[in-house]
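Observations on the three-dimensional arrangement
Given next are the chains, with one letter for each unit.
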Amino acid sequence: MFSLNTTTFLNNSLSGVVLQQQRRVAAPPLVVAAAAANGRKGGDQNVTVLVENSVKEIRDASPAAVTPVEKESKLNVSGGVGDVYGEDTATEDQSITPWTVSVASGYPLLRDPHYNKGLAFTEREKDTHYLRGLLPPVVISQELQVKKMMANIRQYQVPLQRYMAMMDLQERNERLFYKLLIDHVEELLPVVYTPTVGEACQKYGSIFRQPQGLFISLKEKGKILEVLKNWPQKKIQVIVVTDGERILGLGDLGCQGMGIPVGKLSLYTALGGIRPSSCLPVTIDVGTNNEKLLNDEFYIGLRQRRATGQEYAELIDEFMSSVKQTYGEKVLIQFEDFANHNAFDLLANYGSTHLVFNDDIQGTASVVLSGLIAAQKLVGGTLARHTFLFLGAGEAGTGIAELIALEMSKQTGAPVEETRKKIWMVDSKGLITRSRMEGLQHFKRPWAHEHEPVRNLVDAVKAIKPTVLIGSSGAGRTFTKEVVEAMASFNEKPIILALSNPTSQSECTAEEAYMWSEGRAIFASGSPFDPVEYNGKVYASGQANNAYIFPGLGLGLIISGAIRVHDDMLLAASEALAAQVTEENLEKGLIYPPFSIIRKISAKIAADVAAKAYELGLATRLPEPENLVAYAESCMYSPAYRSYR
């Protein structure tokens, strides 16, 4: 899509348009409406310019560009409508030019998701923007639209149908989509993101309708800078990028992992207030090793095995340098669902040169640490008194462990090398010990301690006697009855976090955790679970959802103009979130606050992250605002409809 201003359209755009049949040069349409922002905050207010020209006036302005098109008989067009671009008269084997004009009036306005308001256009707006007759006579409020849409969505029993209904709404009425998501965040968050987005990615080839982000494949190598320029929005502040190799707990979904960046960025807007026009979803397509997808006729990505080594590294490096060149130093690049062998390297390679953040490593770590800090109000003491055991030593598990070690070091003053000794890990080969050091990947080595070999999780629980059990393995139902009962045997209130997504991959359910621990567990999960009743008491388990952290973190980085992400910012985000947990939440067994107040939570996280950026000298937006919370709230996008002149 592109906009044509009046001068360009009349003087330049038509000079090279030649009809393929009879080599006739066509006249332009008689009415063109071009949209332009008026410079007010958010760039959402529209100024509409109506250009009306007769054929004679156009011919006078550019006589060489127009030949008589009023000879209808020669054009062989009936119905009184001239085939001005030669589309109808061209044969099937002839090429035509796909003329597209971005407009802000009439029928195209109703097809523009950024400005369409559906039945909420006022009577004056219908007259001003040539909408009379294109809409029913009724005028309804945005609130009534929300009510109607929720009624429609609730009629769908299949989660994927609800997801598709929400995506359809986003594609036709952007503000209504975000209004719906903000007002009903607890109900719709599982629809637009975990767990439903996992199924959406698995079936993305079948449900794909319109591009919602940029697909950059090996075919674009050497041309990524040009590809970025194809994206219509130019002031990008946040990019979420994936290569689709490790989508949630579902594995390699290749190009169909696009559902993840799209979903994440919708949460950046709804929960963190980042303007949708400043968000860019990107999928890097280097192939897939998923044989099922390679043989699927509906698969939308490259049909080849994954590129690795130098070919992969060169494509990523070109992407990173092109993003920085196009959008500047302060664009936040969030890595999402990369496999372990690439995720850590990307952070290490670009952490010192770009504003980068890995949600699987750092975001998960921050939200889990927040839950553990809040849980201390229930069990007493500090983090340093705990012993932690992880099932899963990948990017999520080791990222969480490192942030816990940093927080304990901060609280106690002990070196981080010492605090790491309180944290143990079990991977597919058993307990990670020093005897296995030579065969360990580099990110596992800090967690190899002196201990005799232990092969399975239940034996590790009995040997280590942890007070906190954390699952990040991506393997469902691995916290068995024997494991949970062992935790409950030596802990009055065992802390059990089953973090793997989607729901089918969760290490245990909320019901299992409460029943097997006789109602004593402090439980949270990565995917949502319904409240559980046990012995007459209702337990409402918390969800350790990254959506608590990354929207506020991103907002804080943006409002401060930060140029790098520092570990202290992640600690600040964790502590800010934990501070929002009330006594009322804790009485219900919740170690996270309700999502219903997520925008207030995000503003507080953003303020603390921004304050840390200023403290560390990494902020560029000067001077520092006096009230960062109020400033963060003032910068947040509102989905309320705007009035059009």
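In case you missed it, the structure is sitting above this.
Residues numbered from 1 in each chain as written. Predicted model: local features only at pLDDT ≥ 70, side-chain atom pairs only at ≥ 80, totals over all residues. Heavy atoms only, no water.

1. Focus on the pattern of salt bridges
Oppositely charged side chains can form a pair if their charged atoms are brought close together. Under the counting rule described, the total for this entry stands at 30 salt bridges. Put simply, Arg246 and Glu395 hold a salt bridge, and the shortest N to O gap is 3.2 Å. Residue Arg246 is found in the loop between strand S4 (238-242) and helix H13 (259-272), and its partner Glu395 is found in helix H18 (residues 395-412); the two are separated by 149 residues along the sequence. Relative accessible area serves as the criterion here: at 2%, Glu395 is assigned to the buried category. Connected through salt bridges with shared partners, the residues Arg246, Asp337, Asp360 and Glu395 form a single ionic network. (Salt bridge = Lys/Arg side-chain N within 4 Å of Asp/Glu carboxyl O. Helix = DSSP H or I, 4+ residues; strand = E, 2+ residues; numbered from the N terminus. Buried < 20%, exposed > 50% of the residue type's maximum accessible area, 1.4 Å probe, protein only.)

2. Notes on the nonpolar core
In this structure, Leu372, Ile404 and Ile470 are the most contacted members of the largest nonpolar core, which totals 121 residues. Here the element with the most residues in this core is helix H26 (residues 598-616); it accounts for 10 residues. Beyond its immediate chain neighbours, meaning those up to four positions away, Ile404 contacts Leu369, Leu372, Phe388, Phe390, Ile423 and Ile470. Formed by 35 residues, the second largest nonpolar core is a distinct cluster that contains Ile216, Ile236, Ile284 and Ala307. (Core = buried A, V, L, I, M, F, W, Y, C linked by side-chain atoms within 4.5 Å. Contact = heavy atoms within 4.5 Å.)

3. Quick word on the sheet that holds strand S16 (residues 542-543)
Think of a sheet as strands paired side by side through backbone hydrogen bonds, with each pair either parallel or antiparallel. The seven strands lie next to each other as S10-S9-S8-S11-S12-S13-S16, forming an open sheet whose pairing is mixed. Bordering the open sheet on either side are strand S10 (430-431) and S16, each of which pairs with just one other strand. Pairing of strand S8 (residues 388-391) with strand S9 (residues 423-427) involves four bridges; the strand directions are parallel. In the sheet register, Leu391 faces S9, and the bridge partner there is Val426. Strands in contact with helix H17 (residues 359-379) are S8, strand S11 (468-471), strand S12 (495-498) and strand S13 (522-525); relative to S12, the strand with the most contacts, it is inclined by about 155°. (Pairing = 2+ DSSP bridges. Axes fitted to C-alpha atoms, helices over the stretch in contact; angles between N-to-C directions.)

4. Here we look at the sheet that holds strand S7 (residues 356-358)
Spatial strand order, S3-S5-S4-S6-S7: five strands in an open sheet with parallel pairing. The strands lining the two open edges of the sheet, one partner per strand, are strand S3 (214-217) and S7. With direction set aside, neighbouring strand axes in the sheet form an average angle of 25°. Judged from the four bridges that link them, S4 and strand S6 (residues 332-335) form a sheet pairing that is parallel. From the neighbouring strand, Val240 faces S6, where its bridge partner is Gln334. Along the sheet face, helix H15 (residues 309-327) touches S3, S4, strand S5 (279-285), S6 and S7 and points at about 160° away from the line of S5.

5. Overview of the packing of aromatic side chains
The relation between two aromatic rings is expressed through the spacing of the ring centres and the mutual angle of the planes. Tallied over the full model, the rule gives 14 aromatic pairs. Considering the side-chain rings of Phe208 and Phe215, the 6.2 Å spacing of their centres and the 75° angle between planes classify their relative orientation as edge-to-face. Since its relative accessible area comes to 31%, Phe208 is described here as partly exposed. Of the aromatic side chains, those joined through ring pairs into one cluster are Tyr514, Phe523, Phe529 and Tyr539. (Phe/Tyr/Trp six-rings, centres within 6.5 Å; stacked < 30°, edge-to-face > 60°.)

6. Details of the pairing of S9
With five of five residues buried, S9 lies mostly within the body of the structure. Every second residue of S9 is oriented toward a common face, with Ile423, Met425 and Asp427 on one face and Trp424 and Val426 on the other, all of them buried. Pairing geometry for S9 and S10, over two bridges, is antiparallel. Residue pairing across strands places Val426 opposite Leu431, the latter belonging to S10.

7. As for the side chain of Gln334
When you line up the elements, Gln334 lands in strand S6. On the accessibility criterion, Gln334 (0% relative accessible area) is buried. In terms of polar contacts, Gln334 uses its side chain to reach the side chain of Tyr268, at 2.5 Å. Contact partners of Gln334, with chain neighbours within four places excluded, come to Ile239, Val240, Val241, Lys264, Tyr268, Phe357, Asp359 and Phe550. (Polar contact = N/O pair within 3.5 Å; in protein donor to acceptor, adjacent residues only side chain to side chain.)

Functional significance is not addressed by these values, which are geometric in nature.
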